[in-house]
Amino acid sequence: MWRFVFTRLGLVVPTFFGMTLLAFFLIRLVPGDPIETLAGERGIDAVRHAQLLHAYGLDQPLLTQYGIYIAKVLRGDLGKSIITQAPVMQEFLALFPATVELALCAMLFALLLGIPAGVLAAVKRNSVYDHGLMGAALTGYSMPIFWWGLLLILLFSVQLGWTPVSGRIAVAYFIEPSTGFLLIDSALSDEKGAFLSALGHLVLPTIVLGTNPLAVVARMTRSAMLEVLGEDYVRTARAKGLPPWRVVAIHALRNAMVPVVTVIGLQVGVLFTGAILTETIFSWPGVGKWLIEAIARRDYPVLQGGMLLLGLIVMAVNVLVDLTYGLINPRIRS
Amino acid sequence: MPAAAPMHPFARLLELADLQVDFPSDQGVLHAVDGLSLQLHAGEVLGIVGESGSGKSVAMMALMGLLSFPAQMRATRMQFAGQDLLHASAAQRRAITGKDMAMIFQDPMSSLNPSFTVAYQLSETLRLHLGMDARAARNHAATLLAQVGIADAASRLDAYPHQLSGGMCQRVMIAMAIACQPQLLIADEPTTALDVTVQAQILELLAQLQRTHGMAMVLISHDMGVVSQVAQRVAVMYAGQVVEVQEAGALFDAPRHPYTQALLQAMPQRSQGAKRLATIPGMVPGVADRPSGCLFAPRCAHAQTACNTPAPIHRDGGSQVRCHFPLHPLGAIA
Amino acid sequence: MATSTPSSFASFWTAFRRNRGALLGLWTVLAIVCIAAMAPWLAPYGPTLTDNQVFLTPPAWQSGGSAAHWLGTDAIGRDILSRLMHGARLSLTIGVAVVAISVVLGCALGLAAGYLRGVFDMVVMRCMDVILTLPSLLLAIVIVAILGPGLVNAMLAVAIVVLPHYVRITRAAVLAEAQRDFVTAARLSGAGHLRLMLVEILPNCAAPLIVQASLGLSTAILDAAALGFLGLGAQPPLPEWGTMLADAREFVLRAWWVVTFPGLAILVTVLAFNLLGDGLRDALDPKLKR
């Protein structure tokens, strides 16, 4: 078991270096002078140019520069935003909880609806439920997120007026951020109606971001269940006279969940991708929106740092998923 | 050695009349079981032999209610211990399955759920059918494991199936089957997937348990040698039909159906030093080439023109033979 | 052995035909291809023709709409139906181009990596790991941010993002097949490495590549549309469906047709390719398990 853990952790190292390399070269790949790129200024005079060259360490050999960069990354220093002059890491940490809150809710949404849907489709194979659910899943999988968001806003916010159009909470409220998760913070605060407002603002973005994972989870659950339901041990469970719900929910589902769990973990990368679009549509103040704005403003340190951080987080989640898989699978555990 | 004589010769435990199991497919309807009729007395051991595709497993799965889509089942009568199974509700059937009527299968390692311990899977039956609580079930599980010859039973309780050998898994399966003292135990090729040395042990265990508990047993096998050791009566199946039923000794000495005779001659033990092993020419009929008359006629050494019509069934007490021209007429041999 | 015989195609077609969803996907894709091919003649107007007299006209069946513009017009008076038709050309071109680039590049890398093994293999696979780990849109955005917004750069970015899938499939096929006897036999008879790779090994991963390519088309169209929506892909006045939605946010209140139809076009097209890809995979599956 420990050998498995160490092998898996060992794979992290080359991926980490690969990502930092990519981030490192990013600035240098932008057409034009890297000094101008980093400083965000144009037409720098020669004296200032030499100063900045030394300040950014660009007069050192490439390998040394990379070494310095890695050292900085490990310390958490990812440079400063050109626009706001605030440290990239600080801005990221301030905005990340919003994205995490949205992503967690979306994942929860996907699991709560997707797993039962997949189980139902598998148990009632080839029935109207099966075809209907899988058709809906495929549609959800093919849906352009940005359009889906606009459509839902059109329907629920504009036509019906049920949900707000943008933001995390009504402007009237000001909640002191303690955990960064507005649902928790607003519930803990004294402000009346704050929690409901936060919840209401979460509904549409959660549905939009969660649609794609929902489809994937439903399809994956269905195919895993179909495979498991044909196994010998399910036949044994039936031969023992167990009621059908027990055969499906305990004997079958337990084993079907194994491939589904790995899929869930791999959805994190997809969730971040979707978050970029969702946050743009709903003006959700998370890292996705932050990155999009950085592109328009040519804020390269933000792009570089944001990309690296998100990539490293996805990598960490992948490792966790693999290790959890090892825990669930008794063969590896023992 | 055949088991002891049944306790109540006139107590009919099982009555199957005219069982039909069809599998519709693109190429036509497959008659997996075609008009099977069997009776079984309390405490009796019946062996069912036949090639793959003869319908022996399907028939018993139909009896247990384990058939799944797309199987279609019909029967004139299906009675077990006086209860009509054909018109029983699903819940009523489940009350019997695993309790009064139990089945063990061919591949023991895949027939146990890999994600649960032996204790869990054993206790499940006990808690469901006998209403035991968790601790009582666990203790009884240890007793059962000892009964099936697993040394050091208490330490095996928390083992997972992949940690046990094939023989031990089959013992666990047997323990699960006899847990509620069933009146009938169906063993579907219980030794086929096991090593030769273990085969004899499992057969001996089954025979011994049958004697101790006085339960009826149906032993399915394609291997006549296996059946000859345990069964009192033997039924021979071909292409979904029962072609002969006789007392074991009489069957082996003087078979009545040409197919039985051919099977016996094909046994390697019976080759008696001849240069070539005897085989049966031809193949079992599939969906497309099912004869309209006697099913064995195309391969029968004694076939005549009359064999192009369906063969009649001659009965005498517990024996039957389905043939136009039985090798020994029924009633002529004691 | 390595090439497929006519009878195996026939059995594949029978299996495929039975899948109603796959057939629906096939017909829809063919319809879209026809529309795209005939767009210059089918479309009632040019895609960039503006007419300030009729800006923001509702679709024909609503009050205020007219039969002159079936699906209405956008903020500067361009006919939406015509733009959608020409957009089909764009989307299909994007999809095919992206898949073509990534298949060729991916196969080359995968074949080389699987064949040569060693350091080259390790470096390639680690690079693919990095690409796979990074959220796809994020990587595409960063690539476009470096190269500058535009249709060609967007296509390149998407092609790079989906590259690892093809590399993995090809490499896995090479690793599996390289052990097989017929490869050893061919090598003994003097076949060169290149010939071995192209003739003997590549056809054996044809099935998973075809399935991946079909599903990859839908991903490419979606990702390119996302980039267009963010202003990083096809630039206006190109009638790319995603770009058409970029400015649509402000019209959610007063012109729902500007928002709905381009997205519907994306959904239908992507759905059709996904149905097709799923159907291909189900029909080819028995072949995969040879």
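Counting restarts for each chain: residues are numbered from 1 in the order of the written sequence. Chains carry letters from A onward and ligands carry numbers from 1 onward, assigned in written order. Side-chain atom pairs in this predicted model are given and counted only at pLDDT of 80 or more, local residue features only at pLDDT of at least 70, and totals for whole chains, interfaces and linings cover all residues.

A.B. asks: For this particular structure, what's the right way to read the overall build of chain A?
C.D. replies: Along its length, chain A carries 14 helices and zero strands. Secondary structure elements are taken from DSSP: a helix is a run of H or I of four residues or more, a strand is a run of E of two residues or more, and numbering for both begins at the N terminus. Moving toward the C terminus, one meets the helices and strands of chain A in the order α-α-α-α-α-α-α-α-α-α-α-α-α-α. Across its three principal directions, the C-alpha atoms of chain A cover 85 × 55 × 40 Å. Put simply, a residue is buried when 20 or more other C-beta atoms lie within 10 Å of its own C-beta and exposed when 12 or fewer do; between those, it is partly exposed, and each C-beta is set from the backbone. Across the 334 residues that make up chain A, the buried fraction comes to 43%.

A.B. asks: Help me out: how do you make sense of the overall build of chain B in this one?
C.D. replies: Each helix and strand counted, chain B has 11 helices and 13 strands in total. Just to be clear, the radius of gyration here is over C-alpha atoms, and the globule rule we use is 2.2 Å times residues to the power 0.38. The C-alpha atoms of chain B give a radius of gyration of 21 Å, which matches the 20 Å a tight globule of 334 residues would have. Over its C-alpha atoms, taken along the principal directions, chain B stretches across nearly 65 × 50 × 45 Å. By the criterion used throughout, residues are in contact when their C-beta atoms, derived from the backbone, lie within 7 Å. Put simply, of all contacts in chain B between residues at least 6 apart along the chain, 65% involve residues at least 24 apart.

A.B. asks: Sorry, what's going on with the interface of chain C and chain A here?
C.D. replies: It is common to report an interface's size as the accessible area lost on association of the parts. Contact with chain C, which involves 35 residues of that partner, is made by 35 residues of chain A. Elements that contribute at least two residues to the side of chain C that touches chain A include exactly α4 (118-133), α5 (136-147), α9 (206-229) and α11 (256-288) of chain C. When residues of the side of chain C that touches chain A are assigned to their parent elements, the largest contribution, 10 residues, is made by α11 of chain C. Looking at the side of chain C that touches chain A residue by residue, the class counts come to 26 nonpolar, six polar and three charged. Residues are grouped as follows: Ala, Val, Leu, Ile, Met, Phe, Trp, Tyr, Cys and Pro are nonpolar; Asp, Glu, Lys and Arg are charged; every other residue, Gly included, is polar.

A.B. asks: I would appreciate a short explanation of unusual backbone geometry in the present structure.
C.D. replies: Note: most residues except glycine have negative phi, and most peptide bonds are trans. P237 of chain C follows P236 of chain C through a cis peptide bond whose omega is 10 degrees. Topologically, P237 of chain C is positioned in the loop between α9 and α10 (241-246). Backbone geometry places D18 of chain B, a non-glycine residue, at a positive phi of 60 degrees. Mapped onto the elements, D18 of chain B comes out in strand β1 (residues 12-25). The exposure class of D18 of chain B is partly exposed, given the 13 C-beta atoms found within 10 Å. The phi angle at A81 of chain B is positive, at roughly 50 degrees, despite the residue not being glycine. Within the secondary structure, A81 of chain B is located in the loop between β5 (77-80) and β6 (83-84). Taking the C-beta count within 10 Å as the criterion, A81 of chain B has 16 such neighbours and is therefore assigned partly exposed.

A.B. asks: Would you mind showing me how to read the sheet that holds strand β9 (residues 216-221) of chain B here?
C.D. replies: Backbone hydrogen bonds hold the strands of a sheet together, and the pairing may be parallel or antiparallel. Residue and element names in this part refer to chain B. Only strands joined by at least two bridges in the DSSP assignment are considered to pair. Pairing within the open sheet is mixed, and its eight strands lie in the order β7-β8-β9-β3-β10-β11-β13-β12. Two strands bound the open sheet, and with one partner strand each, they are β7 (101-104) and β12 (313-316). Direction aside, neighbouring strands of the sheet carry axes that sit 20 degrees apart on average. Across six bridges, strand β10 (residues 233-238) lies against strand β11 (residues 241-247) in antiparallel orientation. Across the sheet, residue R233 finds its bridge partner in β11, namely E247. Axis angles are defined between N-to-C directions and span 0 to 180 degrees, where every axis is a line fitted to C-alpha atoms and, for a helix, only to the segment in contact.

A.B. asks: Would you mind going over the pairing of strand β8 (residues 184-188) of chain B with me for this structure?
C.D. replies: The side chains of a regular strand alternate between the sheet's two faces. All names here are of chain B. Burial of β8 is extensive: four of the five residues sit out of reach of the surface. Bridge count between β7 and β8: four bridges; the pairing is parallel. Residue M101 lies in a different strand from β8, and its bridge partner there is L184. Direction of pairing for β8 relative to β9: parallel, over a ladder of five bridges. The partner of L184 across the bridge, within β9, is A216. At this point the chain moves from β8, through helix α8 (residues 196-213), to the parallel β9, and the crossover so formed is right-handed. We call a crossover right-handed when, viewed with the strands running away from us, the connection from the first strand over the helix to the second turns clockwise.

A.B. asks: Explain the interface of chain A and chain B here, please?
C.D. replies: The interface is formed by 17 residues belonging to chain A together with 24 residues belonging to chain B. A total of six residues in the side of chain A that touches chain B trace back to one element, the largest contributor, which is helix α10 (residues 232-239) of chain A. A per-class count over the side of chain A that touches chain B returns five nonpolar, five polar and seven charged.

A.B. asks: Would you take a moment to explain the packing of helix α11 (residues 244-282) of chain A against α5 of chain C for this structure?
C.D. replies: Two quantities define a packed helix pair, namely the angle between the helix axes and the distance between the axes. Packing of α11 of chain A against α5 of chain C leaves a shortest axis separation of 6 Å and a crossing angle of 60 degrees. In terms of their interaxial angle, α11 of chain A and α5 of chain C are classed as oblique. Residue-level inspection shows F272, T273 and I276 of chain A of α11 of chain A in contact with α5 of chain C, the latter providing S136, L137 and L138 of chain C. Note on angle classes: values under 35 degrees are labelled roughly parallel, values over 145 roughly antiparallel, values of 65 to 115 roughly perpendicular, and the remainder oblique.

A.B. asks: What should I look at first to understand helix α5 (residues 88-123) of chain A in this one?
C.D. replies: Within an α-helix, residues lying three or four positions from one another point in the same direction, as the helix has 3.6 residues per turn. Expected helix span is computed as 1.5 Å times (number of residues minus one). Taking 1.5 Å of rise per residue, the 36 residues of α5 of chain A would be expected to cover 52 Å, and the 50 Å separating its terminal C-alpha atoms lies within 8% of that figure. The largest bend in α5 of chain A is about 35 degrees, located at L95 of chain A, with the proline P97 of chain A one to four residues further on. A residue's bend is given by the angle between axes fitted to the 7 residues ending at it and the 7 residues starting at it.

A.B. asks: Just checking my understanding: could you explain helix α12 (residues 287-296) of chain A for this structure?
C.D. replies: Residues of α12 of chain A that are buried: V287, G288, K289, W290, L291 and A294 of chain A. Downstream of α12 of chain A by one or two residues, R298 of chain A has phi in the positive range, about 55 degrees.

A.B. asks: Before we go on, may I ask you to explain the nonpolar core in this structure?
C.D. replies: Soluble globular proteins: nonpolar side chains tend toward being buried together. Remark: nonpolar core denotes a set of buried Ala, Val, Leu, Ile, Met, Phe, Trp, Tyr and Cys residues whose joining runs through C-beta atoms within 7 Å. A175 of chain B together with L138, A140, A154 and V158 of chain C are the most contacted members of the largest nonpolar core, which totals 270 residues. No other element matches the 17 residues that helix α9 (residues 194-229) of chain A contributes to this core. The contact partners of A175 of chain B, leaving out residues within four places of it in the chain, are L122, L144, L145, Q147 and V148 of chain B.

A.B. asks: What exactly am I supposed to notice about the packing of helix α7 (residues 166-178) of chain B against α8 of chain B here?
C.D. replies: All names here are of chain B. In contact at an axis separation of 10 Å, α7 and α8 are set at 15 degrees when each is read in the N-to-C sense. Overall, the two elements α7 and α8 adopt an arrangement that is roughly parallel. Classified by chirality, the crossing of α8 by α7 is right-handed. Contacts between α7 and α8 pair G166, G167, Q170, I174 and I178 from the former with V198, Q201, I202, L205, L209 and H213 from the latter. Crossings are sorted by hand: turned counterclockwise from the far helix by less than a right angle, the near helix makes the crossing left-handed, and turned clockwise it makes it right-handed.

A.B. asks: Got a minute to help me understand the environment of A177 of chain B in this structure?
C.D. replies: Assignment of secondary structure puts A177 of chain B in helix α7. In contact with A177 of chain B, not counting residues within four places along its chain, are A102, M103, I104, P182 and L185 of chain B.

A.B. asks: What is the right way to look at the confidence of the model for chain B in this model?
C.D. replies: It should be kept in mind that the predicted coordinates are not to be read in detail where pLDDT is low. Of all residues in chain B, 93% have pLDDT values of 70 or greater, and the mean over the chain is 84. With pLDDT under 50 throughout, residues 1-7 of chain B is counted as low confidence; its partners more than four residues away or in other chains account for 18 contacts. Scored from 0 to 100, pLDDT reflects the predictor's confidence in each residue.

A.B. asks: Quick question: what am I supposed to make of the environment of D223 of chain C here?
C.D. replies: Considering the arrangement of structural elements, one finds D223 of chain C in helix α9. Expressed as a C-alpha distance, the spacing of D223 of chain C and A154 of chain C, which sit 69 residues apart in the sequence, is 8.8 Å.

A.B. asks: Would you mind showing me how to read the environment of G286 of chain B here?
C.D. replies: Residue placement: G286 of chain B occurs in the loop between α11 (258-266) and β12. Residue class for G286 of chain B comes out exposed when judged on the 12 C-beta atoms lying within 10 Å of it.

A.B. asks: I'm lost on the pairing of strand β3 (residues 45-49) of chain B in this one. Help?
C.D. replies: All names here are of chain B. Among the five residues in β3, five count as buried, and that is most of the element. Residues of β3 alternate between two faces, with V45, G47 and V49 on one and L46 and I48 on the opposite face, all of them buried. In this structure, β3 lies alongside β9, joined through five bridges in parallel fashion. What sits directly across from V45, in β9, is M217. One ladder, built from four bridges, connects β3 with β10; its direction is parallel. Considered in β10, the bridge of G47 is made with V234.

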